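One-letter residues, chain by chain:
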Amino acid sequence: MTLTIIAAFWLAGIGLAHALLIPWQFLLLFGLAGLVGLIGWGGSRRTRLLFVCAVAMALGAVRLQAASPRFDVRSLAAYNDRGRVTLEGVVVGEPDVRETYTNLRLRAEWLALPDGRELQVRGLALVRADRYPAFGYGDRLRVTGPMETPPQGDDFSYRDYLARQGVYSLLPRCRVSRIGGGAGNPLVAALLSFKRRAQAVIAAILHEPAASLLTGILLGVETGIPSALADDFAATGTTHIIAISGFNITIIAGIFAALSLRLVGRRRATWVAIGGVVLYTFFVGASAAVVRAAIMGIIYLLGRHLGRATFAPASLGAAAVLMTVINPLVLWDVGFQLSFAATVGLVLYTGPLERFVLRLLARVTSRRQAERAVGWLSEGVLVTIAAQITTLPLLLVTFHRLSLVTLLTNLMILPAQPAVMILGGMATLVGLLWLPAGQVLGWVAWLPLAYTIALVRLTARVPYAWVDLGRVEGWMAWVYYGLLAAVTWWGYLEPERRAELWARVRDAWSGLTARLSDRLLLAGSAILLLLTAVAWRTLPDGRLHVFFFDVGEGDAIFVQTPSGRQILVDGGPSPSLLLSHLGERMPFWDHDLDLVVLTRPGAGALASLIEVLERYQVDGVIERGADCRTPLCDRWREVVESSRAAHWWGEAGLQVKLDEGLLLTVLYPPPGLASGAGRGDDSLVLRLDYGEVCFLLPGDIGAEEEQRLVDEGAWLNCTVLQPSRHGDAGSSTEPFLEAVDPEVVVITVGADNLFHHPHREMLERLGAVVRVYRTDRDGTVEVVSNGRRYEVETEQ
């Protein structure tokens, strides 16, 4: 247990150094204080452990700081974003082959800059090359193209992902040529060559998608699995089937141990098995999850060789420390986090779950039958539950998806996975020796593979097989883990100690409730229940919601994406009216907006949006650049800068991916178009696409700008149209309406309607086929869509 505690403090030091900018001088003093206390303090064992933990925490923080990149004039990343460069280097990793391109990790040696300078450099770059001609490990390449800093998105940071692999430069569009070969490590080259042969054999003995699935399970190459099947595995919570895990390592270690026992004897069999595990780890790519499983497997083999039982938490702690000593950034690798959490769940909860189910079944049947049933349930259900207990928050925060059929699917497919691994491995090995024999064995291996695929596809199509929970905040996961730790600690206490503590809690609670009235307790319970019900009702439902608010003589459109992201387009002249609408539509605890769009600067929207930026945390702002020098515009500039929101100037071609399958595009104005305050061409024209349904929001443009869009062949055809200028006579000309061809028109008109919008001529142009909604008559208009169909709801 001591090693587990020390490992926890080591990891905590890495985490604190990542979250806080801790000066190295403080870490040095903190570590020295712990070291002095350990050497000079003659205290108890617990006191000495406390000092060791302090030293471990300081060392963990120092290790992370030491791993932080420091770029100098010879660093490749120092020349990112300089334009088109020429780079020479060696491919140092296995090529990542995708359907239309290949990712290559290139160790750079020579660089030519756009100004003609040539430099000797060092560093890794990720090169995205055409799939053909094919390049391999050890090839020396010349690459020409723009070298960029990897992007950093809202939900996924590609920059951080590559940084964990030591890559800080990206060449996504380039010309690649081979200028040499054979520059890699011969052992690695031989392993990768054997791996390519194994992939070719699997492809020859099995049809798709069984071949890709077996390649993922055996060799760790998941890129060939069809996207639809990968989505089904994700929807059913069974992606762990594809990933290399402790199960694979256990089988590999067992095979090598059994073979070496006969060939080299018992004393050397352990070392052969360990060598086999190490080779297999490199063979399948040495991802964080595989390395964790391999280290724990090696510790187990060593313990068995020395005749000592291994303690799983200590093995897990040792694996985590060793991996973070090599690369502390692995702590933020999702694969490592899920693998680590799943192992913790298996260690802590499998046994208690088995004992709990055994007690339940023993009440209704004999103990022998109960034990038999528990043995059958353990692999498929109880192990899955144990892993889900600790991985669920990570899955929700990372993937925003909760599978409701995971227990059922795992129960049915897990028993078939040993057959997949063993039969598939045998067919591959035999096929490497003699392909016809491998094909015959492949027929047998196909049965469990086909069974797995069929059941995953079947359960993925069960209604409500999964629920999209939208954005799940990280603090929710921390609260969950805190409560789980408390419950686990309580459950592992000795019964006598638990009874003693429970008596103290009960006495304290009795004293507290004696001072509180029953009425107050009832009111508190009712409030908690009400807040829970409201919170549940406001969770994302997996559909797109677009609200057209009635904000007087102005526009305000509020978008809630299927995953719960929120976008506000314009705001109208009344801050109080807009804030009231937002308060009615947003969850009571949520004060964040992902994006605010200002289509046209002016008093009609600025006043309310200034209040929004002052009241809400806004992540991004898109606005139309215009010559606006009023005090209101000056205040807008101040609040945008102080909000630290990402900022874009709106012009044709700008696209923002709001959600999976949901895209916001600016159609107008074209780049560089001069504009003046108060003119119609100051307005942005927006298009929102979600599957087969789209929304066209032309802002405040006039007939001239509409005709320009039509003449330029802009992408106008849309399902829902909000006419510009509230539908006055000069908007929505006949050519424009023919180009849009809407099914629904939503006209935002103030309740007072001082200007008598919409104009009769515009309504006549729409005709009787188009459904028309008006906010002065229908209140807030809401369009709800799942990407294929849509429905319109109104307040009145």
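Residues numbered from 1 in each chain as written. Predicted model: local features only at pLDDT ≥ 70, side-chain atom pairs only at ≥ 80, totals over all residues. Heavy atoms only, no water.

*Asks:* Looking at this model, I keep getting lost on the overall build of the protein. Mind explaining?
*Replies:* Each helix and strand counted, the protein has 26 helices and 27 strands in total. With respect to the three principal axes, the spread of C-alpha positions in the protein is 95 × 85 × 60 Å. Going through the 796 residues of the protein one by one, you find that 45% of them count as buried. In the protein, the share of contacts with a sequence separation of at least 24, taken over all contacts with a separation of at least 6, comes to 69%. For the protein, the accessible area works out to roughly 40,900 Å², and carbon and sulfur atoms hold 61% of it. (Helix = DSSP H or I, 4+ residues; strand = E, 2+ residues; numbered from the N terminus. Buried < 20%, exposed > 50% of the residue type's maximum accessible area, 1.4 Å probe, protein only. Contact = heavy atoms within 4.5 Å. Areas by Shrake-Rupley, 256 points an atom, 1.4 Å probe, with all protein chains shown as cover.)

*Asks:* Can you help me understand the state of the cysteines in this one?
*Replies:* Two cysteines, two sulfur atoms, one covalent bond between them: this is a disulfide. Under the counting rule described, the total for this entry stands at 1 disulfide. The partner cysteine of C694 in its disulfide is C718, sulfur to sulfur 2.2 Å. With C694 in strand β22 (residues 693-697) and C718 in the loop between α23 (703-711) and β23 (720-721), the pair connects residues that are 24 residues apart, well separated along the chain. Here the two residues C694 and C718 agree in accessibility, since each one is buried. (Disulfide = S-S within 2.5 Å.)

*Asks:* What is the right way to look at a nonpolar patch on the surface in this model?
*Replies:* Judged by side-chain polarity, I255, F256, L259, L263, V264 and V272 come together as a nonpolar surface patch covering roughly 520 Å² of accessible area. Looking at which element gives the most residues to the nonpolar patch, the answer is helix α8 (residues 246-263), with 4 residues. Mapped onto the elements of the fold, L263 is located in helix α8. (Patch = residues over 30% accessible without salt bridge, like charges linked within 9 Å, V, L, I, M, F, W, Y side chains within 5 Å. Salt bridge = Lys/Arg side-chain N within 4 Å of Asp/Glu carboxyl O.)

*Asks:* Just to check I follow, could you spell out the side chain of D689 for this structure?
*Replies:* One can find D689 in strand β21 (residues 685-690). A polar contact of 2.7 Å, which involves the side chain of D689, links it to the side chain of R687. If we skip the residues at most four places from it in the chain, D689 touches G661, L662, L663, C694 and W715. (Polar contact = N/O pair within 3.5 Å; in protein donor to acceptor, adjacent residues only side chain to side chain.)

*Asks:* Quick question: what am I supposed to make of the environment of V472 here?
*Replies:* By the secondary structure assignment, V472 is in the loop between β10 (466-468) and α17 (474-492). Note on V472: relative accessible area 15%, which makes it buried. Sequence spacing of V472 and H400 is 72 residues, and the spatial spacing of their C-alpha atoms is 6.5 Å. Setting aside chain neighbours within four positions, we find V472 in contact with L396, V397 and H400.

*Asks:* Help me out: how do you make sense of unusual backbone geometry in this one?
*Replies:* Backbone phi values are negative for most residues with the exception of glycine, while trans is the configuration of most peptide bonds. Here the amide bond leading from E208 into P209 is cis, since omega sits at 0°, within 30 degrees of zero. The residue P209 is located in the loop between α5 (186-205) and α6 (210-219) in this model. At the junction of Y668 and P669, the peptide bond is cis and its omega measures out at 5° in the coordinates. With respect to the helices and strands, the residue P669 is situated in the loop between β20 (662-668) and β21. Phi is positive for D570, close to 60°, though the residue is something other than glycine. Turning to its location among the elements, D570 is positioned in the loop between β13 (566-569) and α20 (575-585). Judged by its relative accessible area of 8%, D570 is buried. One non-glycine residue, D741, lies in the positive phi region at around 50°. Of note, D741 is situated in the loop between α24 (734-740) and β24 (744-747).

*Asks:* Looking at this structure, how should I read the sheet that holds β22?
*Replies:* Remark on secondary structure: sheet strands pair via backbone hydrogen bonds, oriented parallel or antiparallel. Read from one edge of the open sheet, 7 strands run β19-β20-β21-β22-β23-β24-β25, paired in mixed fashion. Each having just a single partner strand, β19 (655-659) and β25 (771-774) make up the two edges of the open sheet. When β20 meets β21, the two strands line up antiparallel, connected through 6 bridges. Residue pairing for β21: V666 is matched across the bridge by L686. (Pairing = 2+ DSSP bridges.)

*Asks:* Help me understand the packing of aromatic side chains, please; the structure alone is not making it clear to me.
*Replies:* How two aromatic rings sit relative to each other is set out by the distance from centre to centre and by the angle between their planes. Tallying each qualifying case throughout the model produces 10 aromatic pairs. Ring centres of F194 and F283 lie 5.7 Å apart, and the angle between their planes is 45°; on these two criteria the pair is classed as tilted. Of this pair, F194 sits in helix α5 while F283 sits in helix α9 (residues 266-283); the two residues are 89 residues apart in sequence, bridging distant segments of the chain. Given the relative accessible area of 35%, F194 is considered partly exposed. Taken together, the aromatic side chains of W489, W490 and W502 make up a single cluster linked through ring pairs. Seen from the ring of W466, R401 lies directly overhead, with NZ or CZ sitting 4.1 Å from the centre. (Phe/Tyr/Trp six-rings, centres within 6.5 Å; stacked < 30°, edge-to-face > 60°. Lys NZ or Arg CZ within 6 Å of the ring centre and 35° of its normal.)

*Asks:* How should the side chain of E623 be read in this particular structure?
*Replies:* You can see E623 is positioned in strand β17 (residues 620-623). Residue E623 is classed as buried on the basis of its relative accessible area of 2%. At a separation of 3.1 Å, a polar atom in the side chain of E623 contacts the side chain of W636. Residues in contact with E623, not counting those within four places in the same chain, are L598, W636, R637, H647, W648, W649, G650 and L684.

*Asks:* So what exactly am I meant to see when it comes to the sheet that holds strand β26 (residues 781-785) here?
*Replies:* If you walk across this open sheet you meet the 8 strands as β18-β17-β15-β13-β12-β11-β26-β27, and the pairing is mixed. Each end of this open sheet is capped by a strand with a single partner; those strands are β18 (646-649) and β27 (790-794). Neighbour to neighbour, the strand axes of the sheet diverge by 15° on average, direction disregarded. Relative to β26, strand β11 (residues 544-548) runs antiparallel, the two being bridged by 5 bridges. (Axes fitted to C-alpha atoms, helices over the stretch in contact; angles between N-to-C directions.)

*Asks:* I tried to follow helix α10 (residues 288-306) on my own but got confused; where do I start?
*Replies:* Note: α-helices contain 3.6 residues per turn, so residues at a spacing of three or four share the same orientation. Along its 19 residues, α10 runs 27 Å from first to last C-alpha, staying within 8% of the 27 Å computed at 1.5 Å per residue. Those residues of α10 not exposed but buried are A288, A289, V290, R292, A293, A294, I295, M296, G297, I298, L301 and G303. Just downstream of α10 lies G307, where phi reads positive at about 75°. (Expected span 1.5 Å × (residues − 1).)

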